[in-house]
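# Report on the structure
Spelled out from the first residue to the last, the chains are:
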Amino acid sequence: MVYKILAISVLLLLITGCATENTLNDGQADDVNVSLNRQNVGTSAHDFLSDDTYTSLLIEMVYVEGFDPQQSSISNLITFINNRTYKPDGVTVEKRSIASPGLETYSIQDIADIEMAERTHYNTEDQMTLWVYFSDGQASSNTETNVVLGTAYWNSSFVLFEDSIQSVSNGPFDPDRELLETTVITHEFGHLLGLTNLGTPMETEHEDEAHPKHCNNENCLMYWSSESSAGLENMINMSAAPELDNACLNDLLAHGGK
Ligand SMILES: [Zn+2]
Ligand SMILES: [Zn+2]
């Protein structure tokens, strides 16, 4: 029963933490290339979707030792990217570990500080870059009933709270870990693609009024609800992560994507 309650709270939170649009303290604003990758979530949607400026994508994936994602989850992200974006010169992943930064919990500013210290790749003339970080500690904004699993915080950056993901997946009444990781990773990347109404204009009205910057279709990847006991049951029994619905797909198509 304890597991079940925990799992329920997780589904709710999948989205609460995402799509932060706050302005973070930028430690190196004097570097033009660096500042290109420290803009608000969604502002690079067209750059990710099209090959107008950037013809390839380099994903810098960094995890704290012991908190690396499953390889299948990374493969699912690459498949998602190839299905939605034009990057004719390829999508590549550079993955490495770092030692724990040593905090018990992490604010988004802490997560941004780690990126500023560790990120080595920034956009070049024709290559887009993406930073994905897998944290060992939980989000400092967690409450007893709300656990944040992932957050997109800059235009080419998102974090997964892998410690939290591991603690609520693969248990007797938990979702499958690959399914949960894939859901959170592709959802956060969906925010970087400007979904929903977050930099990519809506072709039809489908933003969830109660949960801004999310889709109102409960079957869509970009959906997040605060009454998700039904959705929770679904996730536990699902065999694959949710996908984008037609409304979200049409938005991406109209904004330069596939
Ligand atoms: Zn979200
Ligand atoms: Zn949708």
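To be clear, the structure that these remarks concern was listed above.
First, a word on what this report is: a plain description of the structure on this page. (Residues numbered from 1 in each chain as written. Chains lettered and ligands numbered in written order. Predicted model: local features only at pLDDT ≥ 70, side-chain atom pairs only at ≥ 80, totals over all residues. Heavy atoms only, no water.)

What follows is about the overall build of the protein. Counting its regular elements, the protein contains nine helices and seven strands. Expressed as a percentage of the 258 residues in the protein, the buried residues total 52%. Look at the contacts in the protein between residues 6 or more apart in sequence, and 76% of them connect residues 24 or more apart. Surface exposure of the protein reaches about 10900 Å², of which carbon and sulfur atoms provide 46%. (Helix = DSSP H or I, 4+ residues; strand = E, 2+ residues; numbered from the N terminus. Buried < 20%, exposed > 50% of the residue type's maximum accessible area, 1.4 Å probe, protein only. Contact = heavy atoms within 4.5 Å. Areas by Shrake-Rupley, 256 points an atom, 1.4 Å probe, with all protein chains shown as cover.)

Turning our attention to the nonpolar core. Core analysis: the biggest nonpolar cluster contains 41 residues, and I59, L130, F158, F189 and L244 have the highest contact counts within it. If you list the elements that add at least two residues to this core, you get α3 (45-49), β1 (56-64), α4 (71-84), β4 (127-134), β7 (157-160), α7 (177-192) and α9 (246-254). Among the elements that take part in this core, α7 stands out by supplying six residues, more than any other. Not counting the four nearest positions on each side in its chain, F158 is found in contact with L130, W131, V132, Y133, T151, A152, Y153, I185, E188, F189 and L192. V64, I111, I114 and W154 belong to the second largest nonpolar core, which has 18 residues in total. (Core = buried A, V, L, I, M, F, W, Y, C linked by side-chain atoms within 4.5 Å.)

What follows concerns the coordination of the zinc ion (ligand 2). For the zinc ion (ligand 2), the full set of protein donor atoms is C215 (SG), C220 (SG), D245 (OD) and C248 (SG), at a range of 2.2 to 2.3 Å. Around the zinc ion (ligand 2) sit four donor atoms; with metal-centred angles ranging over 95 to 119°, the donor geometry is tetrahedral. (Donors = N, O, S within 2.8 Å, 3.2 Å for Na, K, Ca; no water. Tetrahedral: all angles 85-135°; square planar, octahedral: opposite > 155°, others 65-115°.)

Another point: the packing of α4 against α7. At a minimum axis separation of 9 Å, α4 and α7 run at an interaxial angle of 35°. In this structure, α4 meets α7 at a crossing whose hand is right-handed. Residues S72, S73, N76, L77, F80 and I81 of α4 form the contact with α7, whose own contacting residues are E178, E181, T182, I185, T186 and F189. Here the contact of α4 with α7 is composed, by residue class, of five nonpolar, five polar and two charged. (Axes fitted to C-alpha atoms, helices over the stretch in contact; angles between N-to-C directions. Left-handed = near helix turned anticlockwise from the far one by under 90°. Nonpolar A, V, L, I, M, F, W, Y, C, P; charged D, E, K, R; others polar.)

The five strands lie next to each other as β2-β1-β4-β7-β6, forming an open sheet whose pairing is mixed. Unpaired on one side and paired on the other, β2 (91-98) and β6 (150-154) mark the two borders of the sheet. Pairwise comparison of adjacent strand axes, ignoring direction, gives a mean angle of 20° for this sheet. On the sheet, α4 packs against β1 and β2 and is oriented at approximately 150° with respect to β2. (Pairing = 2+ DSSP bridges.)

Another point: the packing of aromatic side chains. Taken as a whole, this structure holds four aromatic pairs when the rule is applied. Taking the centre distance of 5.3 Å and the plane angle of 75° together, the rings of F48 and F189 count as edge-to-face. Residue F48 is found in helix α3, and its partner F189 is found in helix α7; the two are separated by 141 residues along the sequence. Since its relative accessible area comes to 1%, F48 is described here as buried. The buried category is assigned to F189, whose relative accessible area is 0%. (Phe/Tyr/Trp six-rings, centres within 6.5 Å; stacked < 30°, edge-to-face > 60°.)

Now for the pattern of salt bridges. Within the structure shown, the criterion is met by two salt bridges. With a shortest N-O distance of 2.9 Å, R96 and E60 are connected by a salt bridge. Highlighted residues: R96 in strand β2 and E60 in strand β1, separated in sequence by 36 residues. With relative accessibility at 27%, the residue R96 sits in the partly exposed group. Of the charged contacts, one joins E115 and R119 as a salt bridge, the two residues approaching to 2.9 Å between their closest N and O atoms. The pair E115 / R119 is uniform in exposure class, with both members buried. (Salt bridge = Lys/Arg side-chain N within 4 Å of Asp/Glu carboxyl O.)

With respect to the element layout, T183 can be found in helix α7. The class of T183 is buried, set by a relative accessible area of 2%.

Cis rather than trans, the peptide bond between L195 and T196 has omega equal to -10°. By the element assignment, T196 lies in the loop between α7 and α8 (229-237). Its identity is not glycine, yet N197 carries a phi of approximately 60°, on the positive side. Despite not being glycine, K213 shows a phi value in the positive range, around 70°. Note on placement: K213 falls in the loop between α7 and α8.

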